[in-house]
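So the chains spell out like this:
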Amino acid sequence: MVEDVPENPSSRGMLCVKGRFGTGFVHHPSRLKKPLIRKGGSLVEASWEEALDVIAERLAGYRGEEFAALASAKATNEDGYVMQKFVRVVMGTNSIDHCTRLCHAPSVEAMLTSLGSGATSNSYMDYEEAGCLMVVGSDSSANHPVIAVRFRKAVQKHGAKLIVVNPKWIDLCSYADLWLRQNPGTDVALFNGLARIVLDEGWEDREFIEGRTENFAEWKASLEEYTSRRVSRITGVPEEDLRAAARYYARPAHGGSCLIWGMGITQHINGTANAHALLNLALVTGQMGKPASGISPLRGQNNVQGCGDAGCIPDSLPGYQPVGSPAARAKFAAKWGVPIPESEGLRVTEMVEAAMAGKLRAMYIVGENPLLSEADLHHAREAVSKLEFLVVQDLFLHETAEIAHVVLPACSFAEKDGTFTNSERRVQRVRRAIAPTGETRPDTEIICEVARRVLQKRGRSAEGFDFAGPAEVFSEMASLVPFLAGINYQRLEKAGIQWPCPAPDHPGTRYLYSEGFPRGRGKFVPVYQGSPADELPDEEYPLILNTGRILYHWHGGTLTRRVEGLLALAPRLEVAIHPNDASRYGLQPGAPVRLSSRRGDLTGVAKVTAAVREGEVFVPFVRIEESAANFLTNSAHDPSSRIPEYKVCAVRLEPVHH
């Protein structure tokens, strides 16, 4: 029996449509139930013993840069921890990554540079208590419906000001005080302009700046060219709206201000610069380190925060302890009994290119589907197909699993124990509710068995991968991660706990930075508006494509497409197009259309709506039938975080005549 928990401080007992009705994938008939091995060009069922033997025999022959892995932000903290430990201890590389590279890597990178931590600083309750909410590049009503309820409560019950920053009309616009509809790719100019207004009007928090930040003078000088007039010309946002937004955010009528953003900020070639521009605005106004304020990169998958905390990133060990730090490496080497590789590993986008070049020869992918989530899917498929050996561990035989050499059937969240960490840093228990499907096994159990067998093939001790269960895994992780040190399964039985929680008697932390920043002082980082995108419209491809998620499908739809009720609510791939453009192309609502970019094409149906601007179209990421946005998207990436530019590319549209 499963019951809601109204007293849960994160959800208040609420679920979004996917949480309430979308769990049917657990019982879907296409669930993987037995291991599969490629024989004679086809995947055939095999025993666990045979599959594990093949994996151990093959992986034992790869080391260091020849190997890379992807962990899953849908799996537990414990799964992530043992996966990154396997990659570093057994395979001798830091080449492990997960989906944060494709969503909030720029946010984390900028926050680590400016603040020393990559986590959301506030709690969900701070949204309700804030005097101003600025929501940037996030369709929260579709992507984070439970959080959006708190936004509405803040506005409708407590009189908070709501500022929506988005080139597309979204549900939040219907009760926003301001909608800043910037031109795509102009976010640096927009937020530099808001900061310049704050300074010109004397709305900055001088005490906060002088007492808790550094590099202010250099940053202030960098704003010289961002006058309201110039910023309005670049962004398309009226000057009076710029001034109103700056005033609402810097001087809320009550409480503080929360700055909330999604992938509309990050999935650009200038994603890290965009994130820095947001952080600079929060620093100059002192809108963090106190109740009812904070910075919130809204996380996507259920455990993307925890997967990063557990060390599934190529430049950090668990707890964001840098791979480049000799002290950090020594600490983990002492616990794990082997030296830790010194050089940073490959990011997922770099893995694709290394596979294409023949440098990356083997991969182990757990709970991710890069042949649906990567930009420029034709290129990604060609690259991954060149791998000598690919292991995929998942629930379904998805696009990536179809080309694997060995496929391992894993348990879903409902069939195993562990912990997840949500966007407000709250570590919560997940408990096994049903028996495993078929011969599926929990991810931690599978990974540890693979690790033991590879080590034995190499004549090394398998010690370190003989955990009695997930509680023991969490205990080891907490012993190495200071902000988790006070959390254990016994404490989590009562309720979730927000990190940092440094001691067993510590209650957890509602908001960060009340006394200081992990790096010492918060750092202003000057950033400048560059080209809005790598690829802009021209005569051949005259429209701008924007991408995102929709309420009824999660990202590519690997899980939600297998839920009959959700698929019935969104059965077709809709291409949102402005009425003037629809008229120009002779399109009626529901008419079949083809979208093409320099990389591929897709077919869908026209959704005629003024939610998008003239000259722009919107397509969700979900793959329906044979069409998906990532056949079109550009793999050009942000040079710092290596995130692809999913948000902007040039396309052309054609009616499909039957």
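Here the structure is a predicted model, which means the values were calculated and not measured. (Residues numbered from 1 in each chain as written. Predicted model: local features only at pLDDT ≥ 70, side-chain atom pairs only at ≥ 80, totals over all residues. Heavy atoms only, no water.)

**Structural notes on the pattern of salt bridges**
Tallying each qualifying case throughout the model produces 34 salt bridges. For Glu129, the salt bridge goes to Arg510, with nearest N and O atoms at 2.9 Å. Within this pair, whereas Glu129 is found in helix H5 (residues 124-129), its partner Arg510 is found in the loop between strand S18 (497-498) and strand S19 (522-523), the two being separated by 381 residues in sequence. By sharing partners, the salt bridges in this structure join Glu49, Asp53, Glu449, Arg452 and Arg453 into a single network. (Salt bridge = Lys/Arg side-chain N within 4 Å of Asp/Glu carboxyl O. Helix = DSSP H or I, 4+ residues; strand = E, 2+ residues; numbered from the N terminus.)

**Looking at the sheet that holds strand S17 (residues 426-430)**
In spatial order, the strands read S16-S17-S18; together these three strands make up an open sheet with antiparallel pairing. Edge positions in the open sheet fall to strand S16 (418-421) and S18, since each of these has one partner strand only. Against the sheet, helix H3 (residues 77-90) touches S16 and S17, its axis set at about 95 degrees to S16. (Pairing = 2+ DSSP bridges. Contact = heavy atoms within 4.5 Å. Axes fitted to C-alpha atoms, helices over the stretch in contact; angles between N-to-C directions.)

**Observations regarding helix H16 (residues 326-336)**
Where H16 is concerned, the buried positions are Ala328, Arg329, Phe332 and Trp336. Projected down its long axis, H16 shows its buried positions confined to an angular sector of 95 degrees, all on one face. Facing away from the buried side of H16 by over 90 degrees, the exposed positions are Pro326, Ala327 and Ala334. Looking at the buried side of H16, the elements it contacts are H3, strand S11 (316-317), strand S12 (321-322) and helix H21 (470-480). Following H16 by one or two positions, Gly337 adopts a phi angle in the positive range, close to 80 degrees. (Buried < 20%, exposed > 50% of the residue type's maximum accessible area, 1.4 Å probe, protein only. Arc of directions from axis to C-beta.)

**Points about the pairing of strand S24 (residues 616-620)**
With five of five residues buried, S24 lies mostly within the body of the structure. Burial of the side chains of S24 extends over both faces: Glu616, Phe618 and Pro620 are buried on one face and Val617 and Val619 on the other. Judged from the two bridges that link them, strand S21 (residues 574-577) and S24 form a sheet pairing that is antiparallel. Paired with Ile577 across the strands is Val617, a residue of S24.

**Here we look at the packing of aromatic side chains**
Applying the stated rule across the entire model yields 14 aromatic pairs. Between the aromatic rings of Phe86 and Tyr364, the centroid separation amounts to 5.9 Å while the plane-to-plane angle is 85 degrees, which identifies the pairing as edge-to-face. With Phe86 in helix H3 and Tyr364 in strand S13 (residues 362-366), this residue pair connects regions lying 278 residues apart in the sequence. Here Tyr364 falls in the buried class, since its relative accessible area comes to 0%. Ring pairs connect the aromatic residues Phe67, Phe86 and Tyr364, which therefore count as one cluster. Sitting over the ring of Phe618, Lys168 keeps its end group 4.5 Å from the ring centre. Here the basic side chain of Arg230 rests over the ring of Tyr226, its NZ or CZ set 5.4 Å away from the ring centre. (Phe/Tyr/Trp six-rings, centres within 6.5 Å; stacked < 30°, edge-to-face > 60°. Lys NZ or Arg CZ within 6 Å of the ring centre and 35° of its normal.)

**Some details on the nonpolar core**
Ranked by size, the top nonpolar core spans 124 residues in total, and within it Leu59, Phe67, Phe86, Phe191 and Tyr364 carry the most contacts. Grouped together as the second largest cluster of nonpolar side chains are 24 residues, Leu360, Ala380, Val384 and Ala404 included. (Core = buried A, V, L, I, M, F, W, Y, C linked by side-chain atoms within 4.5 Å.)

**A closer look at the environment of Gly271**
With respect to the helices, strands and loops of the structure, Gly271 is situated in helix H14 (residues 271-285). Along the primary structure Gly271 and Glu109 are separated by 162 residues, whereas in three dimensions their C-alpha atoms are 9.9 Å apart.

**Digging into the sheet that holds strand S9 (residues 257-261)**
What the five strands build is an open sheet, ordered S7-S6-S5-S9-S10; its pairing is parallel. With one partner strand each, in any of the chains shown, strand S7 (178-180) and strand S10 (294-297) form the two edges of the open sheet. Each adjacent strand pair in this sheet contributes to an overall mean axis angle of 15 degrees, direction not counted. When strand S6 (residues 161-165) meets S7, the two strands line up parallel, connected through three bridges. Residue pairing in the sheet places Val165 in a bridge with Leu180 of S7.

**A closer look at helix H11 (residues 228-235)**
Among all positions in H11, only Ser228, Val231, Ser232 and Thr235 are buried. One side of H11 holds all its buried residues, which, seen down the axis, span an arc of 100 degrees. In H11, those exposed residues whose orientation departs by more than 90 degrees from the buried face are Arg229 and Arg233. Contacts from the buried residues of H11 go to helix H8 (187-201) and helix H12 (239-250). Positioned one or two residues after H11, Gly236 has a phi angle of 80 degrees, which is positive.

**Observations regarding the side chain of Glu415**
Among the structural elements, Glu415 can be located in the loop between strand S15 (406-409) and S16. Judged by relative accessible area, which is 1%, Glu415 ranks as buried. A polar contact is formed between the side chain of Glu415 and the side chain of Arg31, at a distance of 3.0 Å. Not counting residues up to four positions away in its chain, the partners in contact with Glu415 are Val26, Arg31, Arg432, Ile434, Ala435, Pro436, Thr437 and Thr440. (Polar contact = N/O pair within 3.5 Å; in protein donor to acceptor, adjacent residues only side chain to side chain.)

**A short note on the packing of helix H2 (residues 48-59) against helix H20 (residues 443-457)**
Contact pair H2 / H20: the axes reach a minimum separation of 9 Å and the direction vectors enclose 55 degrees. Judged on the interaxial angle alone, H20 and H2 are oblique. Every pair of crossing elements has a handedness; the one defined by H2 and H20 is right-handed. On the side of H2, the interface is formed by Trp48, Glu49, Leu52, Asp53, Ile55, Ala56, Glu57 and Leu59, while H20 contributes Ile446, Glu449, Val450, Arg453, Val454 and Lys457. (Parallel < 35°, antiparallel > 145°, perpendicular 65-115°, else oblique. Left-handed = near helix turned anticlockwise from the far one by under 90°.)

**Overview of the environment of Pro341**
For Pro341, the position within the fold is in the loop between H16 and helix H17 (348-357). Remark: the alpha-carbon pair of Pro341 and Asn94, spanning 247 residues in sequence, is separated by 6.6 Å. Not counting residues up to four positions away in its chain, the partners in contact with Pro341 are Arg88, Gly92, Thr93, Asn94, Val323 and Arg329.

**Focus: the confidence of the model for the protein chain**
Across the protein chain, the average pLDDT comes to 86, with 85% of residues at or above 70. Contacts from residues 550-558, a stretch scored under 50 in pLDDT, to residues over four places away or in other chains number 43 contacts. (pLDDT = per-residue confidence, 0-100.)

**Notes on the state of the cysteines**
Here a disulfide denotes a covalent bond joining the sulfur atom of one cysteine to the sulfur atom of another. Summed over the entire model, instances satisfying the criterion amount to zero disulfides. Not part of a disulfide, Cys258 finds its nearest cysteine sulfur in Cys132, a span of 8.8 Å. (Disulfide = S-S within 2.5 Å.)

**A closer look at the side chain of Thr120**
Considering the arrangement of structural elements, one finds Thr120 in the loop between helix H4 (105-114) and H5. In this structure, Thr120 is in contact with Met111, Ile295, Ser296, Pro297, Ser423, Arg425 and Leu512, ignoring residues within four places of it in sequence.

**Some details on the pairing of S17**
The buried fraction of S17 is high, at four of five residues. Of the strand pairs in this sheet, S16 and S17 are connected by four bridges, and their pairing is antiparallel. Bridging from a neighbouring strand, Thr419 pairs with Arg429 of S17. As paired elements, S17 and S18 share two bridges and run antiparallel to each other. Opposite Val427, over in S18, you have Ile497 as the bridge partner.

**Re unusual backbone geometry**
Cis peptide bonds are those with omega within 30 degrees of zero, and the linkage from Trp499 to Pro500 qualifies with 0 degrees. The residue Pro500 is located in the loop between S18 and S19 in this model. With phi around 65 degrees, Ala292 is a residue other than glycine that occupies positive phi space. As for its position among the elements, Ala292 is in the loop between H14 and S10.

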